[in-house]
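# Inside the fold
What follows is each chain in one-letter form.
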Amino acid sequence: MVFSKIKKTPARIAITDYLYSINSPVDIEKIVEFLRSEKLNTNKVTVYRIIEYLYRNGLLERLDFGEGKFRYEVKKGDHHHLICDTCGRIEDVSDNFTKEYENDIKKNKGFLVKKHSLEFFGICSNCQK
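These numbers come from a predicted model, not from an experiment.

Definitions and cut-offs
- Residues numbered from 1 in each chain as written.
- Predicted model: local features only at pLDDT ≥ 70, side-chain atom pairs only at ≥ 80, totals over all residues.
- Heavy atoms only, no water.
- Helix = DSSP H or I, 4+ residues; strand = E, 2+ residues; numbered from the N terminus.
- Buried < 20%, exposed > 50% of the residue type's maximum accessible area, 1.4 Å probe, protein only.
- Contact = heavy atoms within 4.5 Å.
- Areas by Shrake-Rupley, 256 points an atom, 1.4 Å probe, with all protein chains shown as cover.
- Core = buried A, V, L, I, M, F, W, Y, C linked by side-chain atoms within 4.5 Å.
- Axes fitted to C-alpha atoms, helices over the stretch in contact; angles between N-to-C directions.
- Left-handed = near helix turned anticlockwise from the far one by under 90°.
- Arc of directions from axis to C-beta.
- Polar contact = N/O pair within 3.5 Å; in protein donor to acceptor, adjacent residues only side chain to side chain.
- Patch = residues over 30% accessible without salt bridge, like charges linked within 9 Å, V, L, I, M, F, W, Y side chains within 5 Å.
- Salt bridge = Lys/Arg side-chain N within 4 Å of Asp/Glu carboxyl O.
- 1 Å grid on protein atoms, 1.4 Å probe; cavity = no way out; pocket = protein on both sides within 12 Å on 5 of 7 lines; lining within 4 Å.
- Points joined across faces, edges and corners; volume = space filled by probe spheres on them.
- Nonpolar A, V, L, I, M, F, W, Y, C, P; charged D, E, K, R; others polar.

## Some remarks on the overall build of the protein
- What the protein contains, in helices and strands, is four helices and five strands.
- Moving toward the C terminus, one meets the helices and strands of the protein in the order α-α-α-β-β-β-β-α-β.
- Taken along the three principal axes of its C-alpha coordinates, the protein extends 55 × 45 × 25 Å.
- The buried share of the protein, reckoned over its 129 residues, is 33%.
- Contacts spanning at least 24 positions in sequence make up 43% of the contacts within the protein whose residues lie at least 6 apart.
- When the accessible area of the protein is evaluated, it comes to approximately 8,900 Å², of which 49% is carbon and sulfur surface.

## Digging into the nonpolar core
- Ranked by internal contacts, the top residues of the largest apolar core, which has 20 residues, are Ile15, Leu19, Ile31, Leu35, Val47, Ile51 and Leu60.
- Those elements that provide at least two residues to this core are α1 (10-21), α2 (28-37), α3 (44-56) and β2 (70-74).
- If near-sequence neighbours (up to four positions away) are discounted, Leu19 is found in contact with Val26, Ile31, Ile51, Leu60, Tyr72 and Val74.

## Some points on the packing of α2 against α3
- One way to put it is that α2 packs onto α3 with a least axis distance of 10 Å and a crossing angle of 115°. In this structure, α2 crosses over α3, and the sense of that crossing is right-handed. Seen from α2, the contacting residues are Ile28, Glu29, Ile31, Val32 and Leu35; seen from α3, they are Lys44, Val47, Tyr48 and Ile51.

## Observations concerning α2
- Every buried residue belonging to α2 is among Ile28, Ile31, Val32, Phe34 and Leu35, and all of these are buried. The arc that holds the buried residues of α2, viewed along the axis, is 160°, so those residues lie on one side.
- The elements touched by buried residues of α2 are α1, α3 and β2.
- Sitting at the head of α2, Asp27 places a side-chain oxygen 3.3 Å from the backbone nitrogen of Glu29.

## Quick notes on a nonpolar patch on the surface
- Judged by side-chain polarity, Leu82, Phe97 and Phe120 come together as a nonpolar surface patch covering roughly 260 Å² of accessible area.
- Along the polypeptide, Phe120 turns up in strand β5 (residues 119-122).

## Observations regarding the side chain of Glu73
- Among the structural elements, Glu73 can be located in strand β2.
- In contact with Glu73, other than residues within four places in its own chain, are Pro25, Leu60, Glu61, Leu63, His79, His81 and Asp92.

## Remarks on the layout of surface pockets
- What the largest pocket holds in volume is close to 520 Å³.
- Lining the largest pocket are 23 residues, with Glu61, Asp78, Lys115, His116 and Ser117 sitting closest to its centre.
- Residue assignment for the lining of the largest pocket shows that the elements contributing at least two residues are β1 (60-64), β3 (79-84) and α4 (98-109).
- Considering each element in turn, the lining of the largest pocket owes the most residues, five residues, to β1.
- For the lining of the largest pocket, the per-class residue count stands at five nonpolar, six polar and 12 charged.

The structure is reproduced here in structure tokens:
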């Protein structure tokens, strides 16, 4: 487990287990809801501190989809997201193209890309029906 280097408390263990078990980024509210469902009475400030610690130590990605809040997920390498404007569903999409694009940027512009963010907003297949 990547999180093995942090001090283990019931809240930290529950949060890291939860983040590994989900398939899409979640906000703090979802994490707090999960903790309550597990009968862990952890206050929101503590959750923010745990998430901030995990983020600052490079274990989580912090994502901003323009909702006025951050979402978090375990770092998974290069991948992007499909975000449904209708239902809010978020789905991962594999990265098969950006490495080549980054190389083109370096070659043509002399710019070394250190990181990037790419999200696709639209309507999922369920909402199109």
